[in-house]
Amino acid sequence: MDASTRPPTGPGDLAARSLRQVWHPCTQMKQQAKLPLVALSHGEGPWLVDTAGERYLDAISSWWVNLFGHANPRINAALVDQLGRLEHAMLAGFTHEPVVSLAERLSALTGGVLGHAFFASDGASAVEIALKMSFHAWRNQGHGDKREFVCVRNGYHGETLGALAVTDVALFRDAYDPLLRHAHVVASPDARNARDGETSVDVARRAAAELDTLLTQREGRIAAVIVEPLVQCAAGMAMHDPEYLRLVRALCDRHGAHMIADEIAVGCGRTGTFFASEQAGIWPDLLTLSKSISGGYLPLSLVLSRDAIYDAFYDDDTARGFLHSHSYTGNPLACRAALATLDIIADDDVLAANAMRAQRLTRGLAALADDPRAKHVRHRGMIWAFDAVLPQAPGVAGAFAKRFYTEARARGVLLRPIGATVYLMPPYVLDDDTIDWLARQTLAAFDNTMGAMRTTTSHEEMTV
């Protein structure tokens with residue numbers, strides 16, 4: 001290869017090189033060319049730093065994965081130690097300390113109710129595993145007719161075909177609809193659906209009643225109900241009362257269906273407790289974790305299961321086993337990062353510290369409650385959201401999201417609205433001054449965006 005054909009390597013053209021060669025996720029690449037990529041150099045705690053030295057507060061934790069900042073010294077040290085011991089080995093026929101310790105510690109956090117951990121690499125894979133486990137466990141127990149699944153309206157569980165089948169977000173699902181095995185879709189307990197005079201508990205009970213009707217109609221055919229406990233994140237941070245989870249647990253018990261709790265986005269303290277399910281005082285039959293379980297360092301996902309499901313596969317017959325695998329299942333480096341993450345949560349009493357951070361950021365955003373341009377101002381744990389009041393016309397929400405993202409980025413903050421919903425999901429390392437600054441920048445970006453929306457004529461929509 002001569003110099004005329006060799007790819008450029010200078011940092012100044014990193015964004016251009018990326019547009020030429022990299023197919024970016026969840027992105028219409030033709031539109032991305034109009035909105036310059038941020039070419040990153042490195043991370044420092046809650047900050048991302050680009051190649052020009054500009055800093056951006058990572059207020060959405062890099063798609064909800066980062067817990068303790070970028071380049072965290074304690075997680076770094078654990079990984080360096082593990083690199084000198086074992087980087088990877090197949091988990092079929094072998095085991096190692098990080099994967100065993102992680103399984104033990106996560107089970108202990110459920111009081112031993114979820115006694116077994118099956119490992120994979122990403123959230124969608126964990127959902128696929130949970131769906132397969134449910135169906136196959138029922139079949140091994142002589143209930144082969146239980147092969148249908150139930151999901152919640154506007155729910156999101158991933159983008160592989162099995163996960164898409166229980167996802168109700170049209171933007172992700174519709175193109176692949178002919179390939180999917182369709183699930184039943186029931187009402188969301190989203191508190192924003194409250195009718196006049198209703199509370200969030202009323203909405204939860206109304207949604208659960210619809211689920212009860214479906215389970216009665218399909219008695220003996222439903223394998224599992226899958227839910228996102230407390231917050232349906234991709235639905236625009238739709239929040240619901242814990243009563244819904246209590247009712248779903250009771251309905252699954254009554255009708256003989258598994259309950260799958262997808263805690264990929266809401267686990268690891270995001271909602272204020274380590275597992276979101278804890279706030280309802282229930283445990284599901286299967287629980288999925290990914291995203292922040294490794295502190296945002298390495299791909300890792302897992303499914304925690306009750307002993308009864310594990311026992312349904314425990315047999316002399318190989319074909320009755322759960323014959324599912326990933327090459328990097330239980331990767332020692334990823335598991336070691338997860339163990340370091342659990343250490344920080346326990347040693348630093350992070351959940352209590354987060355409660356104080358949450359109070360301060362909630363106060364900083366308090367002006368939104370009286371702003372007629374905002375509605376449904378809501379908060380759960382370390383997640384905040386509100387909806388912009390916009391004209392109901394095609395493309396307006398997308399134009400708002402693009403404009404707000406640009407306004408926030410100009411102020412040194414990474415925030416990516418979901419349509420008309422602005423949300424904040426920062427890492428657990430913000431000090432008081434940074435929290436106050438984040439609140440001010442969020443309000444300023446919203447104010448400028450709404451001002452621009454009054455005069456703009458462009459309703460170009462962009463997935464952000």
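Residues numbered from 1 in each chain as written. Predicted model: local features only at pLDDT ≥ 70, side-chain atom pairs only at ≥ 80, totals over all residues. Heavy atoms only, no water.

Draft legend 1. Expanded view of the overall build of the protein. Within the protein one finds 15 helices and 16 strands. Whereas a compact globule of 464 residues would reach a radius of gyration of roughly 23 Å, the protein reaches 23 Å, a difference of no more than 12%. Across the 464 residues of the protein, 51% fall into the buried class. Per element, the accessible surface of the protein, about 20,600 Å² overall, is 53% carbon and sulfur. Of the side-chain charges in the protein, 44 are positive and 53 negative, and the distance between the mean point of each set is 5 Å. (Helix = DSSP H or I, 4+ residues; strand = E, 2+ residues; numbered from the N terminus. Rg over C-alpha atoms; globule rule 2.2 N^0.38 Å. Buried < 20%, exposed > 50% of the residue type's maximum accessible area, 1.4 Å probe, protein only. Areas by Shrake-Rupley, 256 points an atom, 1.4 Å probe, with all protein chains shown as cover. Lys, Arg positive; Asp, Glu negative; His and termini not counted. Charge placed at Lys NZ, Arg CZ, Asp CG, Glu CD.)

Draft legend 2. Examining helix α9 (residues 200-217) more closely. If you check α9, its first and last C-alpha atoms are 26 Å apart, about what 18 residues at 1.5 Å a residue would give, namely 26 Å. Listing the buried residues of α9 in full gives V203, A204, A207, A208, L211, L214 and L215. Mapping the buried residues of α9 onto a view down its axis gives an arc of 125°, with all of them on the same face. The inward-facing, buried residues of α9 abut β5 (148-152), β6 (184-186), β7 (222-227) and α10 (243-255). (Expected span 1.5 Å × (residues − 1). Arc of directions from axis to C-beta. Contact = heavy atoms within 4.5 Å.)

Draft legend 3. Region of interest: the nonpolar core. Ranked by internal contacts, the top residues of the largest apolar core, which has 103 residues, are L102, L106, M237, Y244, F400 and F446. When residues of this core are assigned to their parent elements, the largest contribution, ten residues, is made by helix α12 (residues 332-347). What M237 contacts, discounting residues up to four positions off in sequence, is W64, V231, Q232, R378, I383, A385, I418, Y423 and M425. (Core = buried A, V, L, I, M, F, W, Y, C linked by side-chain atoms within 4.5 Å.)

Draft legend 4. A look at the pattern of salt bridges. Applying the stated criterion to the full structure yields 24 salt bridges. Residue R378 is joined to D387 by a salt bridge in which the shortest nitrogen-to-oxygen separation is 3.1 Å. A single salt-bridge network, built from bridges that share partners, covers D190, R192, R378 and D387. (Salt bridge = Lys/Arg side-chain N within 4 Å of Asp/Glu carboxyl O.)

Draft legend 5. Inspection of the sheet that holds strand β2 (residues 47-50) at higher detail. Pairing within the open sheet is mixed, and its four strands lie in the order β1-β2-β3-β15. Among the strands making up the open sheet, the edge pair consists of β1 (40-44) and β15 (413-414). Two strands pair when backbone bridges link them, and strand β3 (residues 55-58) and β15 are joined in this way by two bridges, in the parallel orientation. Paired with L57 across the strands is V413, a residue of β15. (Pairing = 2+ DSSP bridges.)

Draft legend 6. Representation of the sheet that holds strand β11 (residues 286-289). Strand order across the open sheet formed by seven strands is β4-β12-β11-β10-β7-β5-β6, with mixed pairing between neighbours. Each having just a single partner strand, β4 (114-120) and β6 make up the two edges of the open sheet. With strand direction ignored, the average angle separating the axes of adjacent strands in the sheet is 20°. Summarising the sheet, β5 and β6 pair through three bridges and their orientation is parallel. Opposite V150, over in β6, you have H184 as the bridge partner. Strand contacts of helix α5 (residues 97-109): β4, β11 and β12 (301-306), with the helix running at about 135° to β4, the strand carrying the most contacts. (Axes fitted to C-alpha atoms, helices over the stretch in contact; angles between N-to-C directions.)

Draft legend 7. Main features of the UniProt feature "binding site: substrate" (unreviewed entry) in the protein. In this numbering, the UniProt entry assigns the feature "binding site: substrate" (unreviewed entry) to W63, Y156, K291, S325 and R416. Spanning 354 residues, the named residues are also spread out in space, since their farthest C-alpha pair is 34.1 Å apart. Looking at Y156, the relative accessible area reads 22%, which means it is partly exposed. In this view, Y156 contacts T167, V169, F172, E228, A234 and D262; residues no more than four positions away in its chain are not counted. A polar contact of 2.4 Å, which involves the side chain of Y156, links it to the side chain of E159. Residue placement: R416 occurs in the loop between β15 and β16 (421-424). (UniProt positions renumbered as here; feature names shortened; annotations may be inferred. Polar contact = N/O pair within 3.5 Å; in protein donor to acceptor, adjacent residues only side chain to side chain.)

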